[in-house]
Amino acid sequence: MNNLFVYLEIENGKVEDVSLELLTKGRTLATRLNCRLEAVAVGQSLETIGEQVFPYGVDVLHLFDDARLYPYTSLPHTSILVKLFEAEKPQIAFMGATSIGRDLGPRVSSALFSGLTADCTALEIGDHEEKKEGKTYTDLLYQIRPAFGGNIVATIVNPDNRPQMATVREGVMKKEILDANYQGKTVSYDVKKYISDADFVVSVIERHIEASKVNIKGAPIIVAGGYGMGSKENFGLLYDLANTIGAEVGASRAAVDAGFAEHERQIGQTGVTVRPKLYIACGISGQIQHIAGMQDASMIIAINNDPNAPINAIADYVITGEAETVIPKMIKYYKKNSK
Amino acid sequence: MSLKIIVLAKQVPDTRNVGKDAMKADGTVNRAALPAIFNPEDLNALEQALRLKDQFPGSTVTLLTMGPPRAADIIREGLFRGADGGYLLTDRVFAGADTLATSYALHMAIKKIGDFDLIISGRQAIDGDTAQVGPQVAEKLGISQITYAEEIQSIANGKITVKRRLERGVEIVEGHLPLLVTVNGSAPDCRPRNAKLIQKYKYAKTVSERQAESNDYVNLCHSRTCLFLNEWSAADVNADAKQCGLSGSPTKVKKIENVVFQAKESKTLDSSDQQIEELMVELITNHTIG
């Protein structure tokens, strides 16, 4: 009762990074709240899930293993979580802000009448006072998320309803092993008691999921382009620079919306959060929603023809000029001096 | 075969084009500077519905929106593009609703509308980006859902086939009607307004809008029956006021902050060969690159 639960996303028997990141955050919060960290695995062939998640400090792993539970469909996974949560009464539940977590979370919250906050960028524990009712609450989950297109940041609380639910995007939290030898216990369930045939009204006929080709999240150097690059062709320059200095290419939301780059390269509140040692921003004006996803870079170089671009305020080096002229020069002088 | 389709749509401030005047000097959002628009992914949803109507003559597309009285624009916009009718759900008790209270109100309105085969909505609205209302409405109606749809490929024998666009791939799924589909922005754009439909519906108004109009308009109204837009209050859809608006919302906003980034001391360079070369040498020397 009153513990912190994380729903695990599992693809081909492997727990996804977003879930491991949530376990890492969950462990910190559970320790602060003096409660257990519990994980829920729903799928098939879950034999190795325990060894994958216990090092992150999971105290209890709930296993629901049935061939019909993979790949994910909405109703069976909802039924399982709703019944499990009704029995276990968690105080907090986390899911990835992915196409699975954002399909499942709202259904579970609706069935349990609990509050759910989507796409949180920070999760903290703190107190809350409802002045009108004169009530105070201790140790609530602060669910912090950008709102209004990223122009403001809101702190949301669920004073009275449990579990307090939140989703978080991949890459927002850090993934960190607590103890390679951490001992947790596994509880296996009789799946038939949790689902019915009526839950299988939607079935997956075909599925083509590719492993991510792009690894922006882990790249030490990122060359990112914005709408100011002007065209998909000009984005080619970014790849030239990235290939020369060993970097990955990223993009702002505006550049992705304009079709200059694939969605998986998007950096910012609605894309990936990155913390590289060097971030080269080319033709990016620096909307809040982008800056929020890259401000933790150790060094930022901004290349922009607008000397007043907002991104310049957080850059270590500001190069005022056209990216089309600056980038070829960077390539030229890197090659000349790196030998 | 004809289908009864309900499209959920929302009027939103255009947060994608936040210009410099969109933030006030004190750092708060200047809502007046942001135009109110048809939520983009709801337009993708409307297009999927209209395509089904083209494919299955006799089908009806009904819009449902919740918002302030001016959200009647959403219904008119839908009518201009080919929808058959719509309902505006508007009431002060809905104010301050989070996603759960919103989905409660919408599901009560859907029950009032009655029979449907399919509900289609955008995946998420750009003012909140939560993607929660669609699945929550489905849960409250006790039907299943297919989210992240890019294309409704076919409907036959009570079954719908949908292509979903996920983060790293696609899925083709099949489901039994009735259910709810949420549509991604990667789906085809909505067809433009039809000039004849604009002529037909441009004076269509809700009760509240009519009350604010002059007598000429009222006379025009009485002569054309198509000009009436449906407007429902919480009581009209038998909604329990306690489950609406702020009181029906488990989530509370504790604090709103403006986003302030720590400014750094930066070094400004021009794009001359000399300065770029010096920078590259520095980056190589301190092992930032290479």
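Thresholds applied
Residues numbered from 1 in each chain as written. Chains lettered and ligands numbered in written order. Predicted model: local features only at pLDDT ≥ 70, side-chain atom pairs only at ≥ 80, totals over all residues. Heavy atoms only, no water. Helix = DSSP H or I, 4+ residues; strand = E, 2+ residues; numbered from the N terminus. Buried < 20%, exposed > 50% of the residue type's maximum accessible area, 1.4 Å probe, protein only. Contact = heavy atoms within 4.5 Å. Domains from an automatic or database assignment. Buried area = accessible area lost by both parts, 1.4 Å probe. Salt bridge = Lys/Arg side-chain N within 4 Å of Asp/Glu carboxyl O. Polar contact = N/O pair within 3.5 Å; in protein donor to acceptor, adjacent residues only side chain to side chain. Nonpolar A, V, L, I, M, F, W, Y, C, P; charged D, E, K, R; others polar. Core = buried A, V, L, I, M, F, W, Y, C linked by side-chain atoms within 4.5 Å. Phe/Tyr/Trp six-rings, centres within 6.5 Å; stacked < 30°, edge-to-face > 60°. Pairing = 2+ DSSP bridges. Axes fitted to C-alpha atoms, helices over the stretch in contact; angles between N-to-C directions. Expected span 1.5 Å × (residues − 1). Parallel < 35°, antiparallel > 145°, perpendicular 65-115°, else oblique. Left-handed = near helix turned anticlockwise from the far one by under 90°.

**Student:** Looking at this model, I keep getting lost on the overall build of chain B. Mind explaining?
**Tutor:** For chain B, the count of helices and strands is eight helices and 13 strands. Within chain B, the fraction of its 290 residues that count as buried is 52%. A fraction of 68% describes how many contacts in chain B between residues 6 or more apart in sequence connect residues 24 or more apart.

**Student:** Mind showing me how you'd approach the domain arrangement of chain A here?
**Tutor:** Where the parts come together, the accessible area they lose is often given as the size of the interface. Residue and element names in this part refer to chain A. Here the domain parsing of chain A yields domain 1 (4-200) and domain 2 (221-337). Distance between the C-alpha centres of domain 1 and domain 2: 34 Å. With eight residues of domain 1 at the interface, the matching set in domain 2 holds seven residues. Across the interface of domain 1 and domain 2, roughly 700 Å² is buried in total on both sides, 46% from carbon and sulfur atoms. For the interface between domain 1 and domain 2, the tally reads zero salt bridges. In this structure, the connection of domain 1 to domain 2 is made through two residue pairs in polar contact (both at pLDDT 80 or more). Across the side of domain 1 that touches domain 2, the residue classes break down as two nonpolar, four polar and two charged.

**Student:** Teacher, can you tell me more about the nonpolar core here?
**Tutor:** General note: in soluble globular proteins, nonpolar side chains tend to be found buried as a group. The biggest cluster of nonpolar side chains holds 40 residues, and the ones touching the most others in it are Ile5, Leu46, Leu52, Leu118, Ile120 and Ile160 of chain B. The set of elements that each furnish at least two residues to this core consists of strand 1 (4-9), helix 1 (40-55), strand 4 (60-66), helix 2 (72-81), strand 6 (118-122), strand 7 (144-156), strand 8 (159-166) and strand 10 (179-183) of chain B. With six residues, the top contributor of residues to this core is helix 1 of chain B. Dropping the residues within four chain positions of it, Leu52 of chain B is found in contact with Leu3, Ile5, Ser59, Leu118, Ile120, Ile152 and Ile155 of chain B. Formed by 38 residues, the second largest nonpolar core is a distinct cluster that contains Met229, Ile280 and Ile301 of chain A together with Ile284 of chain B.

**Student:** I keep staring at the packing of aromatic side chains and nothing clicks. Help me out?
**Tutor:** To describe a pair of aromatic rings, one takes the distance between the centres and the angle between the planes. All names here are of chain A. Counting across every chain of the model gives seven aromatic pairs over all chains. Centre to centre, the rings of Phe5 and Phe85 are 5.6 Å apart; their planes meet at 80°, and the pair counts as edge-to-face. Of this pair, Phe5 sits in strand 1 (residues 4-8) while Phe85 sits in helix 3 (residues 74-88); the two residues are 80 residues apart in sequence, bridging distant segments of the chain. The two residues Phe5 and Phe85 agree in class, both being buried.

**Student:** Would you explain the interface of chain B and chain A in this entry?
**Tutor:** Opposite the 78 residues of chain B that make contact, chain A presents 85 residues. Summed over both sides, the interface of chain B with chain A buries roughly 7,100 Å², with 56% coming from carbon and sulfur. For Lys329 of chain A, the salt bridge is made with Asp273 of chain B, and the minimal N-O distance between the two is 3.2 Å. Taken together, the links from chain B to chain A amount to 38 residue pairs in polar contact (both at pLDDT 80 or more). Per-element accounting of the side of chain B that touches chain A gives the leading share, nine residues, to helix 8 (residues 273-285) of chain B. Classifying every residue of the side of chain B that touches chain A by side-chain character gives 32 nonpolar, 24 polar and 22 charged. Judged from the seven bridges that link them, strand 13 (residues 202-209) of chain A and strand 9 (residues 169-176) of chain B form a sheet pairing that is antiparallel. Directly across from Arg207 of chain A, in strand 9 of chain B, lies its bridge partner Glu171 of chain B.

**Student:** What exactly am I supposed to notice about the sheet that holds strand 18 (residues 317-320) of chain A here?
**Tutor:** Note on sheets: strands pair through backbone hydrogen bonds, and any given pair is parallel or antiparallel. Spatially, 15(A)-14(A)-16(A)-17(A)-18(A)-13(B) is the arrangement adopted by the six strands of the open sheet, whose pairing is parallel. In this open sheet, the two strands that pair with only one neighbour each are strand 15 (248-251) of chain A together with strand 13 (267-270) of chain B. In this sheet, adjacent strand axes meet at a mean angle of 20° when their direction is disregarded. In this fold helix 8 of chain B packs onto strand 16 (278-282), strand 17 (299-304) and strand 18 of chain A together with strand 13 of chain B, with an angle of close to 130° to the strand it touches most, strand 13 of chain B.

**Student:** Got a minute to help me understand helix 8 (residues 323-337) of chain A in this structure?
**Tutor:** Residue pairs spaced three or four apart in an α-helix point in one direction, given the helix's 3.6 residues per turn. In this model, helix 8 of chain A (15 residues) spans 21 Å end to end at C-alpha, consistent with the 21 Å of a helix rising 1.5 Å per residue. Looking only at helix 8 of chain A, the buried set comprises Ala323, Val326, Ile327, Lys329, Met330, Ile331, Tyr333 and Tyr334 of chain A. Where helix 8 of chain A is buried, its residues touch helix 5 (232-245), strand 16, strand 17 and strand 18 of chain A together with helix 8 of chain B.

**Student:** Just to check I follow, could you spell out the sheet that holds strand 9 (residues 135-147) of chain A for this structure?
**Tutor:** Read across the open sheet, the four strands follow the order 8(A)-9(A)-10(A)-12(B); overall the sheet is antiparallel. With one partner strand each, in any of the chains shown, strand 8 (122-130) of chain A together with strand 12 (252-258) of chain B form the two edges of the open sheet. Averaged over all neighbouring strand pairs, the angle between strand axes comes to 35°, with direction disregarded. Sheet topology places strand 10 (residues 152-157) of chain A next to strand 12 of chain B; six bridges connect them, and they run antiparallel. Residue pairing across strands places Ala154 of chain A opposite Ile256 of chain B, the latter belonging to strand 12 of chain B. Most of the contacts of helix 1 (residues 17-33) of chain A go to strand 8 of chain A, to which it runs at about 40°, and overall it touches strand 8 and strand 9 of chain A.

**Student:** Where do I start with the packing of helix 8 of chain A against helix 8 of chain B in this structure?
**Tutor:** Two quantities define a packed helix pair, namely the angle between the axes and the distance from one axis to the other. At a minimum axis distance of 9 Å, the contact between helix 8 of chain A and helix 8 of chain B shows a crossing angle of 50°. When the axis of helix 8 of chain A is compared with that of helix 8 of chain B, the two are oblique. Helix 8 of chain B is crossed by helix 8 of chain A, and the crossing has right-handed handedness. Packed against helix 8 of chain A, whose contacting residues are Val326, Lys329, Met330, Lys332, Tyr333, Tyr334, Lys336 and Asn337 of chain A, the element helix 8 of chain B presents Asp273, Ile276, Glu277, Met280, Val281 and Ile284 of chain B at the interface. Tallied by class, residues from the contact of helix 8 of chain A with helix 8 of chain B come to eight nonpolar, one polar and five charged.

**Student:** Would you take a moment to explain helix 3 (residues 99-113) of chain B for this structure?
**Tutor:** All names here are of chain B. Here helix 3 spans 21 Å end to end across 15 residues, near enough to the 21 Å set by a 1.5 Å rise per residue. Backbone nitrogen of Leu100 and a side-chain oxygen of the N-cap are separated by 3.1 Å at the start of helix 3; the cap is Asp98. Positive phi shows up at Gly114, right after helix 3, with a value of about 105°.

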